[in-house]
Amino acid sequence: MMTLGDSNAPKPEDTGTANRSAAANITLPSDALILVPVRKVVLFPGLILPITIGREKSISAVQQAVREERQIGIILQRDPENNDPGPDDLHRVGTLANIVRYIAAPDGSHHIVVQGVQRVRILDFLPGTPFPVARVVNIPEPEIRSTEIEARFRNLQALALEAVQLLPQAPPELIATIQGATSPASLADLAAGYMDITPTEKQAILETVDLSTRIDRVSKLLGERIEVMRLTQEIGRQTKAAFDDRQREAVLREQMAAIQRQLGEGDGKSQEVADLTEAIAKAKMPPEVEQQAKKELARYQRMPEAAGEAGMIRTYLDWLIELPWSLPEEKPIDIAEARRILDEDHFGLEKIKTRIIEYLAVRKLAPQGKAPILCFVGPPGVGKTSLGQSIARAMSRPFVRVSLGGVHDEAEIRGHRRTYVGALPGNIVQGIKKAGARNCVMMLDEIDKMGRGVHGDPSAAMLEVLDPEQNGTFRDNYLAVPFDLSRVVFIATANMLDTIPGPLRDRMEIISLVGYTETEKLQIARRYLVKRQLEANGLKPENADIDDSALSAIIHGYTREAGVRSLEREIGQVFRHAAVQIAEASTAHVHIGVDDVATVLGQPRFENEVAMRTSVPGVATGLAWTPVGGDILFIEATRTPGRGALILTGQLGDVMRESAQAAMTLVKSRATSLGIDPAIFEKSDIHVHVPAGATPKDGPSAGVAMFMALTSLLTNRTIRSDTAMTGEISLRGLVLPVGGIKEKVVAAAAAGITRVMLPARNRRDYDDIPQDARERLEFVWLESVDQAFAAGLDAAPADPATANVDA
């Protein structure tokens, strides 16, 4: 039954009777039509529909129509939730209908059976009636039989037959009615009335008077419903087929198991369960974990092998069994042997080695204590990863490396939950399984390069891993049981600290590794790199050798790095050239001297350009810090006729631009004491440029260098070519401390600088500078820019021919 009103709503009987009695006394004009609003029903001409009525107004309207043998209008209301629709709440097009039957049931409900006659349009509503009454105009049905209409009619008839045949229990009478239809308009209304579409869509079809448009709209909607029914049938067939296959497989497996039992061959799964039970007992799991493993084993035993979850449970049990739950017997740490291993594996790094020895000594004296987590920070190629391997050798523990570079999913650390197909534990648990020991040395490589994505923040998950107070009960999402990480020796590596979140950095002890000096690189090449590249290229010491002068030439002219990776590649290229000669049997031994380097590697890629660049006024040598070590940079200044503008180029950041402006202001304020004509600022534009324009630069530490470049330009005196400088300046002329002193000084020594000017308040960093660099450099400590002016400029003015001035 189609429901019109809320028949279950409580209605006072006396009120309903009074309303109906009042309605019985209403005399309606002959041209008026009683309207019955409906909620979700659209009646089409020619169709018969049962409707349940429940509203008092609708009951009164139907009863009066029955008494007077009147037709009624079935009108769809716009909002089905409106219990008392007014004229504005009803659509203007409805269906004129005959009441075929009126039923008043014993339970108090009222039902009518109506047959649609014709479309009508409401002209206006009559006021003062107890139920909706309106004057309407009939909408005649167009009966156009053109070839175009006939083609549309045949297409709609075919679609309607196909749709009925796709129904599970299609009534034969409906099929006969569609086949015997002769009127295009009647067939369109019939299809729309029985189609499973929304009342709004049906109302739109009812309001469509043009026959071609109506048939096209019905055909389109009917085609969509046919496609849905086809897909539904296909999905049903596939589901039934898959279920039948699984049922058949399960029956066959049960029969096979029964045959095996009759033959006395035993059950393969029973043996597997017995093996798993024995493995769980040997794994020495904690009680909580063992209880979980036995629970999952019991589930696995009851589960058919064909079940999809059986494989997931078996994989989970394998992980629990193979993890090293028990703590192996730890060998005592030999401090002397550890010192020997560190000296054997690494040259220099005395402070780093001392800190590692202290760390090992504490672990030896307090093996159950909570040792700090070390984080080696430094440029690439300085030996951070190999230091972790040396610590593992010194402690006689297995070493495992976990790469964190590019990790942006929390599940990479904590693992995936077992609800996902293909789920696995996180990298931490996988690394421990790979090491085979719960007290391994785990290197967390590139911890500064973890990302953050839509799947969570892995650095937040690392907080629990690296916290000695929490990692004793680390819970991997896949294992879902606590795993003790307190005996794992975690060592992290990073190139820079800026990208490591503060809470994570706070859990680690930072140990900085500075770049190597040329002397250290020569010793590293002689002790380690040459031997490694000889072996990598299939050579023996009697086949090829390289002298120290050739190594020095490679270091000075072909590499410019903090570490030794590029140096090793260049040495490998030299030995490959020697390997070709040995392989061709043109010689039995190849000696590589300094004269052979250019022949193999080409002309030197780097040269000492400090003296050349600073030979004119306005050029200063500054010191910079980069994530891969220190570097030198040049500040160039020139002036042209203008109006006192300051032009800054070289892709400078905001802080560096502000440093240049501060330096300019400072020079202007001290022009008289520096011997500069103040009028020159009004007649000239000053242009400050920092070469390597494609490289972004920022930071306040170039303040001293910019001040010196401007002073050199405006006093026409060159800056000493052997001097480099760094430091932030204030408008009072003070030189303020900066960071990265160790890396900057090492870079200056590598570039051939012999004299550096540093802020006096950075004197505390002097002890961190490598001994070799300290011996090769003269240090000038600056309190103010006046000291920099006095110590940095050459005594005599520059030759006017080289002056960077437009007179």
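Residues numbered from 1 in each chain as written. Predicted model: local features only at pLDDT ≥ 70, side-chain atom pairs only at ≥ 80, totals over all residues. Heavy atoms only, no water.

A. Main features of the overall build of the chain. The number of helices and strands found in the chain is 29 helices and 25 strands. Relative to the compact-globule value of 28 Å for 807 residues, the chain shows a C-alpha radius of gyration of 46 Å, a clear excess of over 25%. C-alpha atoms of the chain, sized along the principal axes, occupy 125 × 100 × 65 Å. Nonlocal contacts in the chain, meaning residues at least 24 apart in sequence, comprise 74% of its contacts between residues at least 6 apart. (Helix = DSSP H or I, 4+ residues; strand = E, 2+ residues; numbered from the N terminus. Rg over C-alpha atoms; globule rule 2.2 N^0.38 Å. Contact = heavy atoms within 4.5 Å.)

B. Region of interest: the sheet that holds strand E14 (residues 508–512). Pairing within the open sheet is parallel, and its five strands lie in the order E9-E10-E13-E8-E14. The outermost strands of the open sheet, each flanked by one partner alone, are strand E9 (399–403) and E14. Across the sheet, the mean angle separating the axes of adjacent strands is 25 degrees when strand polarity is ignored. As defined by bridge partners, E9 adjoins strand E10 (residues 441–445) across five bridges and the pair is classed as parallel. Residue Val-400 lies in a different strand from E10, and its bridge partner there is Met-442. (Pairing = 2+ DSSP bridges. Axes fitted to C-alpha atoms, helices over the stretch in contact; angles between N-to-C directions.)

C. Structural view of the packing of aromatic side chains. Counting across every chain of the model gives five aromatic pairs. Taking the centre distance of 5.9 Å and the plane angle of 10 degrees together, the rings of Phe-779 and Trp-781 count as stacked. Comparing Phe-779 with Trp-781, the two get one shared label, buried. Through a chain of ring-to-ring contacts, three or more aromatic side chains come together here, namely Tyr-766, Phe-779 and Trp-781. Here the basic side chain of Arg-418 rests over the ring of Tyr-316, its NZ or CZ set 3.8 Å away from the ring centre. In this structure, Arg-774 is placed above the aromatic ring of Tyr-766, and the distance from its NZ or CZ to the ring centre is 5.2 Å. (Phe/Tyr/Trp six-rings, centres within 6.5 Å; stacked < 30°, edge-to-face > 60°. Buried < 20%, exposed > 50% of the residue type's maximum accessible area, 1.4 Å probe, protein only. Lys NZ or Arg CZ within 6 Å of the ring centre and 35° of its normal.)

D. Up close: the nonpolar core. Membership of the largest hydrophobic core comes to 56 residues, with the highest contact counts inside it found for Ile-72, Ile-74, Ile-178, Val-218 and Leu-222. Among the elements that make up this core, the one with the highest residue count is helix H3 (residues 147–166) (nine residues). Judged by nonpolar contacts, the second largest core, of 54 residues, contains Leu-342, Tyr-516, Tyr-558 and Ala-579. (Core = buried A, V, L, I, M, F, W, Y, C linked by side-chain atoms within 4.5 Å.)

E. Spatial organisation of the confidence of the model for the chain. When pLDDT is averaged across the chain, the result is 83; 92% of the residues are at 70 or more. Here residues 1–18 is modelled with pLDDT under 50, and outside its nearest four sequence neighbours on either side it reaches 28 contacts, counting other chains as well. Low pLDDT, under 50, characterises residues 800–807; the predicted model gives this stretch 14 contacts beyond four residues in sequence or across chains. (pLDDT = per-residue confidence, 0-100.)

F. Geometry of the pattern of salt bridges. What the rule picks out here adds up to 38 salt bridges. For Asp-189, the salt bridge goes to Arg-214, with nearest N and O atoms at 3.5 Å. Taken together, the residues Asp-189 in helix H5 (residues 184–194) and Arg-214 in helix H7 (residues 211–263) connect sequence positions 25 residues apart. Since its relative accessible area comes to 1%, Asp-189 is described here as buried. Between Arg-720 and Asp-722 there is a salt bridge; the shortest N-O distance is 3.0 Å. A residue is classified by how much of its surface remains accessible, and Arg-720, at 27% relative accessible area, is partly exposed. Looking at Asp-722, the relative accessible area reads 23%, which means it is partly exposed. (Salt bridge = Lys/Arg side-chain N within 4 Å of Asp/Glu carboxyl O.)

G. Examining the side chain of Asp-467 more closely. Here Asp-467 is to be found in the loop between helix H16 (458–465) and strand E11 (474–475). Under the relative-accessibility criterion, Asp-467 is labelled buried at 12%. In this structure the side chain of Asp-467 is engaged in a polar contact, spanning 2.9 Å, whose partner is the side chain of Gln-470. (Polar contact = N/O pair within 3.5 Å; in protein donor to acceptor, adjacent residues only side chain to side chain.)

H. Main features of the packing of helix H19 (residues 548–558) against helix H20 (residues 565–583). Two numbers describe how H19 lies on H20: the axes approach to 10 Å, and their chain directions differ by 125 degrees. Between H19 and H20, the angle is such that the two are oblique. In this structure, H19 meets H20 at a crossing whose hand is right-handed. For the pair H19 and H20, contact is made by Leu-551, Ile-554, Ile-555 and Tyr-558 and by Leu-567, Glu-570, Ile-571 and Val-574, respectively. A class-by-class count of the residues in the contact of H19 with H20 yields seven nonpolar, no polar and one charged. (Parallel < 35°, antiparallel > 145°, perpendicular 65-115°, else oblique. Left-handed = near helix turned anticlockwise from the far one by under 90°. Nonpolar A, V, L, I, M, F, W, Y, C, P; charged D, E, K, R; others polar.)

I. The state of the cysteines, seen in detail. All told, the structure shown has zero disulfides when counted by the stated rule. Cys-375 forms no disulfide, and the closest cysteine sulfur to it belongs to Cys-440, at a distance of 18 Å. Taking the relative accessible area as the measure of exposure, Cys-440 reaches 0% and is therefore buried. (Disulfide = S-S within 2.5 Å.)

J. A look at the pairing of strand E24 (residues 755–759). Counting buried residues along E24, five of its five residues qualify, which places the element largely inside the surrounding structure. Taken together, the five bridges between E24 and strand E25 (residues 778–782) define a ladder with parallel strand orientation. Bridging across to E25, Met-757 finds its partner in Val-780.

K. Spatial organisation of unusual backbone geometry. Phi at Lys-284 takes a positive value of approximately 55 degrees, unusual for a residue other than glycine. Counting through the fold element by element, Lys-284 comes out in the loop between helix H8 (268–282) and helix H9 (287–302). Located in the positive-phi region is Ser-396, a residue other than glycine, with phi close to 55 degrees. Relative to the assigned elements, Ser-396 resides in the loop between helix H13 (384–395) and E9.

L. Molecular detail of H13. In a regular helix each residue adds 1.5 Å, so twelve residues correspond to 16 Å; H13 covers 17 Å between its end C-alpha atoms and thus fits that length. At its buried positions, H13 is contacted by helix H11 (335–345), helix H12 (350–365), strand E8 (373–377), E9, E10 and strand E13 (489–494). (Expected span 1.5 Å × (residues − 1).)

M. Looking closely at the side chain of Asp-409. Along the polypeptide, Asp-409 turns up in the loop between E9 and helix H14 (411–414). Despite its burial, Asp-409 pairs with no opposite charge, the nearest such side chain being Arg-417 at 9.0 Å. At a separation of 3.0 Å, a polar atom in the side chain of Asp-409 contacts the main-chain amide nitrogen of Ala-411. (Lys, Arg positive; Asp, Glu negative; His and termini not counted.)

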